[in-house]
Amino acid sequence: MGSVIADILPLALGVALSVFPIVAVILMLFSQHARSTSLGFLVGWILGVTVVTVVVVFLSDSLQQATGSSESSMYGIVHLVLGLLLIIAAFRNWKKRPQTGEEVAVPKWMSSIDTMTAGKALGLAVLLSAVNPKNLALLIAAGVSIASAGLDSTQLIIALIVFIILACCSVATPVIVYLVMGDKATPTLNGWKSWLINNNAAVMTVVLLVFGVAVLSKGIGALIGG
């Protein structure tokens, strides 16, 4: 149990470190329907993370049983491929970084946040959490890690809960701060938003590279050891 928790902790943090989704939920907290849209976004984020991870766990388990492949080979191949994809994404992200003095470009969908409903916020969060390539790669890696650990049903549920909580903590934090502090949270949230936007390229490149190397090394280790 301890080994699988150690495996999924960095993957969960990789999902949590998603700059524009965090900025999006902060912007929602400044919108006309701050409470409903931010809570809708948080629910959507949790839903996206949960559904993808659970589906991957059960598909991985079923595939192992159907093909008779060993847990280490399945784990190794998936982590090897996903690690390479994350490293490639890191270099592509760095090449697209804004030059000195150049304004940081933000996604076009952010312009509609002020008029967004709770339902649309929920749908957007599902897309950003589950379909975003970086997150999808990390969610798949986590699901395969859990499925390959040979856990009983109770341990599997605990591992999923730990992963989901950590993967969602960054989006949940601004919402919780707002609900607790109200308007007093505005300076803090504005500071977080500005820092994240200005440092998005560096943050995401480091995240992709660090977790790409970590996932890749685990895949190589599993294949060599297996």
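Summary of the structure given here. What you see is a predicted model; the values in this text were computed from it and never measured. (Residues numbered from 1 in each chain as written. Predicted model: local features only at pLDDT ≥ 70, side-chain atom pairs only at ≥ 80, totals over all residues. Heavy atoms only, no water.)

**Considerations on the environment of Val210**
(1) Moving on: Residue placement: Val210 occurs in helix 9 (residues 200-225).
(2) Moving on: With 160 residues separating them in the primary sequence, Val210 and Thr50 have C-alpha atoms 23 Å apart. (Helix = DSSP H or I, 4+ residues; strand = E, 2+ residues; numbered from the N terminus.)

**Considering the side chain of Lys193**
(1) Moving on: Within the secondary structure, Lys193 sits in helix 8 (residues 186-198).
(2) Moving on: No salt bridge forms around the buried Lys193; measuring N to O, its nearest opposite-charge neighbour Asp114 is 9.5 Å away.
(3) Moving on: With near-sequence residues (within four places) excluded, Lys193 lies in contact with Val23, Ile26, Leu27 and Phe30. (Buried < 20%, exposed > 50% of the residue type's maximum accessible area, 1.4 Å probe, protein only. Lys, Arg positive; Asp, Glu negative; His and termini not counted. Salt bridge = Lys/Arg side-chain N within 4 Å of Asp/Glu carboxyl O. Contact = heavy atoms within 4.5 Å.)

**Details of a nonpolar patch on the surface**
(1) Moving on: A grouping of Leu39, Ile176, Leu179, Val180 and Met181 is seen on the molecular surface, where their side chains present a nonpolar patch of about 440 Å² in accessible area.
(2) Moving on: For the nonpolar patch, the element with the most residues is helix 7 (residues 153-181), which contributes four residues.
(3) Moving on: You can see Leu179 is positioned in helix 7.
(4) Moving on: On the basis of relative accessible area, Leu179 is assigned to the partly exposed category, the value being 37%. (Patch = residues over 30% accessible without salt bridge, like charges linked within 9 Å, V, L, I, M, F, W, Y side chains within 5 Å. Areas by Shrake-Rupley, 256 points an atom, 1.4 Å probe, with all protein chains shown as cover.)

**Comments concerning the pattern of salt bridges**
Here the idea is simple: oppositely charged side chains can pair when their charged atoms come close.
(1) Moving on: Per the stated rule, a full pass over the model turns up one salt bridge.
(2) Moving on: Notably, a salt bridge pairs Lys218 with Asp7, separated by 3.3 Å at the nearest N-O pair. Of this pair, Lys218 sits in helix 9 while Asp7 sits in helix 1 (residues 2-16), and the two are 211 residues apart along the sequence.
(3) Moving on: Its relative accessible area of 23% is what places Lys218 among the partly exposed residues.

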